[in-house]
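Observations on chain architecture
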Amino acid sequence: MKEEIQVANMNNRTINANRIVVKVGTSSLIHPSGAINLETFDQLAYTLSALNNQGKELILVSSGAIGVGLNKMNLKKRPTEIGAQQALAAIGQSELMTLFTQRFNHYLTDIAQVLLTHDIFDYPKSNKYVMDTFNCLLNDNVIPIVNENDTVATDELDHKTTFGDNDQLSAIVASHVNADLLIVLSDIDGFYDQNPKKYVNANLISTVNHINEKTFTVAGGSGSRFGTGGMQTKLLAAKRMLDENRQMVLANGKDPRVILDILAGKQIGTLFSNDSTSNQHRDLANLNQK
Ligand SMILES: Nc1ncnc2c1ncn2[C@@H]1O[C@H](COP(=O)(O)OP(=O)(O)O)[C@@H](O)[C@H]1O
Ligand SMILES: N[C@@H](CCC(=O)OP(=O)(O)O)C(=O)O
């Protein structure tokens, strides 16, 4: 019996997190059809409200402004013209916060909207204002919901197709608020040794403790017509966390209650961590041999 318990413990991860940043991508919030995934909104509000009530400090970085804007304007295709994307994001952001307000209110939890640009922390004054805002909100038991301020985020814009990405923005936020853990929820079960949407024999990698050029070679672009960042930006976010000796878990956001299992240390998704006690060396060695 003792041995079984030891084996079970070996399969669990060491996750001790009180201040947690959760990033949810468009692909989790919007169905492939373009319809709003109301279940994800509801389960995200439920899960974060439950954790908030347990005394955890949560910050949600939510994409979806453009996706919700496309839905509201009955558009099937994302425009390439940058002004049209910014207009859609402005329309969608309002609706996005309405959806979150309705669902979080249902679970008796207060939320706040925080719109940032990737470089906001680079300037001492705005850095202080943003940090003071986060600290006041968290102290008042309010969950900040962050998105990139797409209307003004020109310095991050790739003027052909995309805005800056919320994967890296969530890591920047996690870094500055000194979060214990970043959880990135996407439409995929984790980081694979090849894009699973293109290679059926792709293998899920359970743990990664080092990211190098070779790691990026297996990271392709977005998997849905609504996604922006793709796996490249998720690896850039993970690299920032590893460089700062922080942890990140990449998991499937189709049922956000998975966050509860991640915090319980279950082997879900891909854990990016410098923690040498887990079995990540074996996984990484496999990847680097390919
Ligand atoms: N090595 C990889 N492992 C997992 N997913 C990958 C990989 N390479 C590319 N992808 C793609 O990245 C997509 C997730 O990024 P994205 O579409 O931007 O989602 P989100 O909207 O959640 O940010 C997956 O759906 C998958 O198609
Ligand atoms: N600010 C943009 C986010 C772009 C983005 O990073 O999207 P995703 O790759 O789905 O996380 C929006 O809300 O649509």
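Just so it is clear, the structure is predicted and the values come from calculations on it, not from any experiment. For every chain, the first residue of the written sequence is number 1, and numbering continues from 1 along that sequence. The lettering of chains begins at A and the numbering of ligands begins at 1, in the order of writing. Whole-chain, interface and lining totals are the exception, using all residues; otherwise, since this is a predicted model, local features are given only for residues with pLDDT of at least 70 and side-chain atom pairs are given and counted only at 80 or more. The side-chain figures draw on all heavy atoms in the structure; neither hydrogens nor water molecules are used.

Overview of the side chain of Asn 195
Counting from the N terminus, the helices are the DSSP runs of H or I reaching at least four residues and the strands are the DSSP runs of E reaching at least two. With respect to the helices and strands, the residue Asn 195 is situated in the loop between β5 (181-186) and β6 (207-208). Working rule for contacts: check all heavy atoms of both residues, and any pair within 4.5 Å makes them a contact. Each residue touching Asn 195, except ones within four places of it in the same chain, is listed here: Ala 202 and Val 218.

Some remarks on the nonpolar core
Buried residues of nine kinds, namely Ala, Val, Leu, Ile, Met, Phe, Trp, Tyr and Cys, make up a nonpolar core once their side-chain atoms join them within 4.5 Å. Each residue is placed in one exposure class: buried if its accessible area under a 1.4 Å probe, protein chains only, is under 20% of its type's maximum, exposed if it is over 50%, and partly exposed if it falls in between. The biggest cluster of nonpolar side chains holds 41 residues, and the ones touching the most others in it are Val 21, Leu 116, Phe 134, Val 173, Met 248 and Phe 272. Of all elements in the fold, only β2 (57-62), β3 (111-116), α6 (124-139), α7 (166-176), β5, α9 (230-243) and β7 (247-252) reach the threshold of two or more residues within this core. Ranked by the residues each element gives to this core, the list is headed by α9, at 6 residues. Residues contacting Leu 116, with those up to four places away along its chain left out, are Phe 121, Val 130, Phe 134, Val 146, Asn 147, Glu 148, Asn 149, Leu 169 and Val 173.

Describing α9
When the terminal C-alpha atoms of α9 are compared, their 21 Å separation across 14 residues agrees well with the 20 Å that a helix rising 1.5 Å per residue should span. The complete set of buried residues in α9 reads Gly 230, Met 231, Thr 233, Lys 234, Leu 235, Ala 237, Ala 238, Met 241 and Leu 242. At the C-terminal side of α9, Asn 245 shows a positive phi close to 60°. The span one expects for a helix is its residue count, reduced by one, times 1.5 Å.

Quick notes on the packing of helix α3 (residues 38-53) against helix α5 (residues 82-106)
Helix axes use the C-alpha atoms of the stretch in contact, all axes being lines fitted to C-alpha atoms, and the angles between their N-to-C directions lie in the range 0 to 180 degrees. Look at α3 against α5: their axes get within 9 Å of each other, and the N-to-C directions meet at 55°. Relative to α5, α3 is oriented oblique. For the pair α3 and α5, the sense of crossing is right-handed. On the side of α3, the interface is formed by Leu 38, Phe 41, Asp 42, Leu 44, Ala 45, Leu 48 and Ser 49, while α5 contributes Leu 96, Leu 99, Phe 100, Arg 103 and Phe 104. Each residue is assigned to one class: nonpolar for Ala, Val, Leu, Ile, Met, Phe, Trp, Tyr, Cys and Pro, charged for Asp, Glu, Lys and Arg, and polar for all the others, Gly among them. Here the residues of the contact of α3 with α5 sort into 9 nonpolar, 1 polar and 2 charged. Note on angle classes: values under 35 degrees are labelled roughly parallel, values over 145 roughly antiparallel, values of 65 to 115 roughly perpendicular, and the remainder oblique. By convention the crossing between two helices is left-handed if the near helix lies anticlockwise of the far one by an angle smaller than a right angle, and right-handed if it lies clockwise.

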